[in-house]
Amino acid sequence: MALDRWIALIFIMFCCVYGYAAFFTMDQLLPPFMQRNPVWPSTFPKILSVLGIVIGLIVVFGLEKPSGEDEPSAVDINYRRLQDYNIGQALMLLGLMVVYALTLRSAGFLLSTTVFLAGGAAILGERRWITMILVAVIAAGSVWYLVQEVLGIFLRPLPFFLR
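Residues numbered from 1 in each chain as written. Predicted model: local features only at pLDDT ≥ 70, side-chain atom pairs only at ≥ 80, totals over all residues. Heavy atoms only, no water.

Q: Tell me what's going on with the overall build of the chain, and back it up with residues and numbers.
A: Along its length, the chain carries five helices and zero strands. When the helices and strands of the chain are read in sequence order from the N terminus, they spell out α-α-α-α-α. Excluding contacts between residues fewer than 6 apart, the proportion of contacts in the chain whose partners are at least 24 apart in sequence is 57%. Split by element, the accessible area of the chain, about 12100 Å² in all, is 72% carbon and sulfur. (Helix = DSSP H or I, 4+ residues; strand = E, 2+ residues; numbered from the N terminus. Contact = heavy atoms within 4.5 Å. Areas by Shrake-Rupley, 256 points an atom, 1.4 Å probe, with all protein chains shown as cover.)

Dropping the structure here:
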C-alpha cells in the first residue's frame, strides 16, 4: 500500500477516536436547558469527524485518482526515497510547534508568536532577517489586536513577569 494510503488510514483512526469523543462523551455533562438546543458544542466536532472519515476512505480506496493512473507521478510521495525529502526541516518545524504550544502561556502571545513565525521562516530558508522579523511582529500584533480587541477574547500579550 502506498504511503498516502497509510497516512489516510492513520487519519481515519484519529477521526474515529475524535468522533467517538464527540458523539458519546462530550454531551454527557450538558445542562438540561442546553440539551434542547438544535446546535450543541459537539456539533462541529461531529461534522469534522464524519467528513474526516469520508475523506480518509476516499484516499484509502483510491477514488481521488483517475482510474488509469497506477504508476506514481513525479509529485507523489515515494516512500522508498524518503531520504531525498527535507525531513530535517519538517522535524524542526514540528519541534518549533511543540515549543510554541508550551511557551504560549508563559512567554505571552506576542513574543511566542513572533519567535514562532520568525523561527519557522528561518527553518524554511528565509535569510532576510529584518523583513522576516518585521513581518512576524506585524502578523502577531495584528492577530492579537483582532482577537483581543475586536472579538473580546483575552490573550496574554506579554510574558508573565511583565504583568
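Q: Provide a residue-level description of the packing of aromatic side chains, including the pertinent values.
A: In the structure shown here, the tally under the stated rule is three aromatic pairs. Look at F14 and Y18: their rings are 6.2 Å apart centre to centre, the planes differ by 5°, and that puts the pair in the stacked class. You can see F14 and its partner Y18 sitting in helix α1 (residues 3-25), four residues apart, about one turn around the helix. A relative accessible area of 32% means that Y18 is categorised as partly exposed. (Phe/Tyr/Trp six-rings, centres within 6.5 Å; stacked < 30°, edge-to-face > 60°. Buried < 20%, exposed > 50% of the residue type's maximum accessible area, 1.4 Å probe, protein only.)

Q: Please provide a residue-by-residue account of the state of the cysteines, values included.
A: Summed over all chains, the structure comprises zero disulfides. The structure places no disulfide on C15, whose sulfur is separated from the nearest cysteine sulfur, that of C16, by 7.2 Å. The exposure class assigned to C15 is buried, which follows from its relative accessible area of 4%. (Disulfide = S-S within 2.5 Å.)

Q: A description of the side chain of S112 should follow, citing residues and the corresponding values.
A: Along the polypeptide, S112 turns up in helix α4 (residues 109-123). Its relative accessible area of 5% is what places S112 among the buried residues. Among the polar contacts made by the side chain of S112, one reaches the main-chain carbonyl oxygen of F109 at a distance of 3.5 Å. Ignoring sequence-local partners within four residues, the contact set of S112 consists of Y100, T103, L104 and A107. (Polar contact = N/O pair within 3.5 Å; in protein donor to acceptor, adjacent residues only side chain to side chain.)

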